[in-house]
Amino acid sequence: MKENIIIIGGGIAGLEAAGQLIRLGYNPIIIEKEDHLGGHVADWNCLFPDMSSAEELVSKLIKNAAEANIFTNTEILFINRLKDNYNVMLSNGISIIARVVLFATGFKLFEAAKKEEYGYGIYDKVITNRDLEHWFNTGDDSRIDTDEMEAIGFVHCVGSRDEKAKNPQCSKVCCITAVKQAIEMKQKFPQARIYCFYMDLRMFGKKYEDFYISAQRDYGIRFIRGRVSEVSENIDGKVIVKAEDTLAGKPVKVTLDLLVLMSGMVCNPDSTKVAGMVALPADTDGFLKSRDNIADITSSPKDGIFYAGACTGPKTIPETLAEARTAALNIHTYLQ
């Protein structure tokens, strides 16, 4: 009989780990609170830097994990430690016993409405990166008027690198996501002027710098280094953005048909809620604390509990998938 491995979270980390554990001869059991698998990536359209399909990636991961036992629309009621096992009670009334639990609980996007100065939820033409991806997928958002799209702005670091928002760390993917979405909007609206307001551009990943250079050279996207100081609305319903161009050393004022806020990654509150059931500590950034932030990031301080993906901090998709594979191998080593 195959040994159970409980995986909390059915995003790309949980799915990839499940696929690897199946190959290693285990019986992974995925617990997902939403009604679908794939997590945040399932809501995305194209992925940077190659503009590949998010749907294709998620479908591939689901196919590889098809032999796993999967519970959607299901939450963890409690976890308690037995002698050598963990007993996990689910909201559907099922109780599962396993020697290993893998947290793949992911992240939550910062709530842009908390940064009132940017006007999300106040001005009609202010949306978030998630809203824009939804529009890319469905074409459905009354705030986006395709007949009038002459100027579009993107604000980086919304809720990231922000002491007031209690989130001082970089979210890692906001800069490159802004570049990707800016290119997509330029492709849809070639006549539009597109601005990106940034603090610093952090293009650390493979081909990210090429992507950024292409955005300027091939699409004419304008990058303005400086914090947005004020967002308001004029009588026509357009968005007025004031900022300081710190490279040119002068103030900037632009009128936009759409302003997109790049909400950063914060710790998923469901992660800390479930982690608290077995006294797993949070790190100083609010994410779950690994046993070792250098050589053993997929292990928790508790025996038999492992981590994968953005539950321990902001991650790119390649990093998340690599951690999921590492976690699966570490689980196999632990059980052997």
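Treat the numbers as computed from the prediction; the structure is a model and nothing was measured.

1. Points about the sheet that holds strand E18 (residues 258-263)
Right, so step 1: The strand order E11-E18-E12-E13-E14 describes an open sheet built from 5 strands, whose pairing is parallel. Edge positions in the sheet fall to strand E11 (126-128) and strand E14 (222-225), since each of these pairs with one other strand and no more. Each neighbouring strand pair of the sheet contributes to a mean axis angle of 25 degrees, computed without reference to strand direction.
Right, so step 2: Contacting E11, strand E12 (151-158) and E18, helix H3 (residues 129-138) runs over the sheet at an angle of about 85 degrees to E11.

2. Remarks on the side chain of Asp-257
Right, so step 1: Residue placement: Asp-257 occurs in the loop between strand E17 (250-256) and E18.
Right, so step 2: Judged by relative accessible area, Asp-257 falls into the buried class, the value being 8%.
Right, so step 3: Here the side chain of Asp-257 touches Lys-238 through a polar contact of 2.3 Å, side chain to side chain.
Right, so step 4: Contact partners of Asp-257, with chain neighbours within four places excluded, come to Lys-125, Glu-148, Met-149, Glu-150, Ala-151 and Lys-238.

3. Quick notes on unusual backbone geometry
Right, so step 1: Cis peptide bonds are those with omega within 30 degrees of zero, and the linkage from Phe-48 to Pro-49 qualifies with -5 degrees.
Right, so step 2: Here Pro-49 is to be found in the loop between strand E3 (46-47) and strand E4 (52-53).
Right, so step 3: Look at Arg-161: it is not a glycine, yet its phi comes out positive at around 50 degrees.
Right, so step 4: Inspection of the secondary structure puts Arg-161 in the loop between E12 and helix H4 (174-188).
Right, so step 5: Although it is not a glycine, Lys-172 adopts a positive phi angle of roughly 75 degrees.
Right, so step 6: Its location among the elements puts Lys-172 in the loop between E12 and H4.
Right, so step 7: The class of Lys-172 is partly exposed, set by a relative accessible area of 27%.

Reading the values: the criteria
- Residues numbered from 1 in each chain as written.
- Predicted model: local features only at pLDDT ≥ 70, side-chain atom pairs only at ≥ 80, totals over all residues.
- Heavy atoms only, no water.
- Pairing = 2+ DSSP bridges.
- Helix = DSSP H or I, 4+ residues; strand = E, 2+ residues; numbered from the N terminus.
- Axes fitted to C-alpha atoms, helices over the stretch in contact; angles between N-to-C directions.
- Contact = heavy atoms within 4.5 Å.
- Buried < 20%, exposed > 50% of the residue type's maximum accessible area, 1.4 Å probe, protein only.
- Polar contact = N/O pair within 3.5 Å; in protein donor to acceptor, adjacent residues only side chain to side chain.

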